[in-house]
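Close look at the chain arrangement
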Amino acid sequence: MTLLDGRTLLAWVAAALSQVVTDVIVVGREEAEGMRAVPDALPGGRGPSAGIVTGLTAAGGGPIVVVGVDQPWVRPATLAALLGVRPQPAIPMDGQYQVTCATYSTAALSLLVAIARDQRSLQPEAPLLDGTVVSPERWRSWGEDGRSWFSVDSPEDLQEGLRRYGVPDASSRHPG
């Protein structure tokens, strides 16, 4: 379990999300540090699209905010801004589609199911979702610098994130 300033990466992500949404759901797990957890709904599906389908199903309606558990520097202001973008889904572009720091709506559900079941990558399919690609100019205007989708996939990534961004904002601390 990777810790950042004494907290799990999940705790940092959940803290940021809880400043923007009322219900934080951890997808793809049976248990999640005392938070609501939902196992994947698509047996055999893989990748972010399977998790997004599960999240949309569990949320039961409106748009959802998706953040990878390995993105502890996610900014609540960026998440709130993404929720305000129309049409949904809203996916930032930063050299590639940032599909794990984005919003999704049920309008994209059938395509997301197909992508997950066929085990295709979501990134090349993102333009087909008929939402909004959020340009770097737009997300920079929110004060975003790319930290929200910076992923910690290794100890070296954690050190690089700390070098670039420091410890995440203390106001994003999740109790526990």
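The structure contained in this document is the topic of the report that follows. Remember, predicted model here, so these are calculated numbers, not experimental data.

1. Observations concerning the layout of surface pockets
When its volume is computed, the largest pocket comes out at roughly 690 Å³. Taken together, the residues of the lining of the largest pocket sort by class into 19 nonpolar, 7 polar and 5 charged. Here the second largest pocket defines a volume of roughly 160 Å³.

2. As for the environment of G55
Residue position: G55 is located in helix 2 (residues 47-59). Separated by 27 residues in sequence, G55 and G28 have C-alpha atoms that sit 9.3 Å apart. If we ignore the near neighbours within four places in the chain, the residues touching G55 are V27 and I64.

3. Things to note about the pattern of salt bridges
For the coordinates displayed, the defined rule picks out 7 salt bridges. In this structure, the salt-bridge partner of R120 is E125, at a minimum N-O distance of 2.9 Å. We classify E125 as buried; its relative accessible area is 15%. When the shortest N-O distance is used, the salt bridge between E160 and R164 registers 2.9 Å. Of this pair, E160 and R164 are both found in helix 6 (residues 155-165), 4 residues apart, which corresponds to roughly one turn of the helix. A relative accessible area of 23% places E160 in the partly exposed class.

4. Notes on unusual backbone geometry
Note that the residue after R86, namely P87, is joined by a cis bond; omega there is -5 degrees. Position of P87 among the secondary structure elements: in the loop between helix 3 (76-84) and strand 6 (90-92). Going from Q88 to P89, the amide bond is cis rather than trans, its omega being 0 degrees. Structurally, P89 can be placed in the loop between helix 3 and strand 6.

Rules and cut-offs
- Residues numbered from 1 in each chain as written.
- Predicted model: local features only at pLDDT ≥ 70, side-chain atom pairs only at ≥ 80, totals over all residues.
- Heavy atoms only, no water.
- 1 Å grid on protein atoms, 1.4 Å probe; cavity = no way out; pocket = protein on both sides within 12 Å on 5 of 7 lines; lining within 4 Å.
- Points joined across faces, edges and corners; volume = space filled by probe spheres on them.
- Nonpolar A, V, L, I, M, F, W, Y, C, P; charged D, E, K, R; others polar.
- Helix = DSSP H or I, 4+ residues; strand = E, 2+ residues; numbered from the N terminus.
- Contact = heavy atoms within 4.5 Å.
- Salt bridge = Lys/Arg side-chain N within 4 Å of Asp/Glu carboxyl O.
- Buried < 20%, exposed > 50% of the residue type's maximum accessible area, 1.4 Å probe, protein only.

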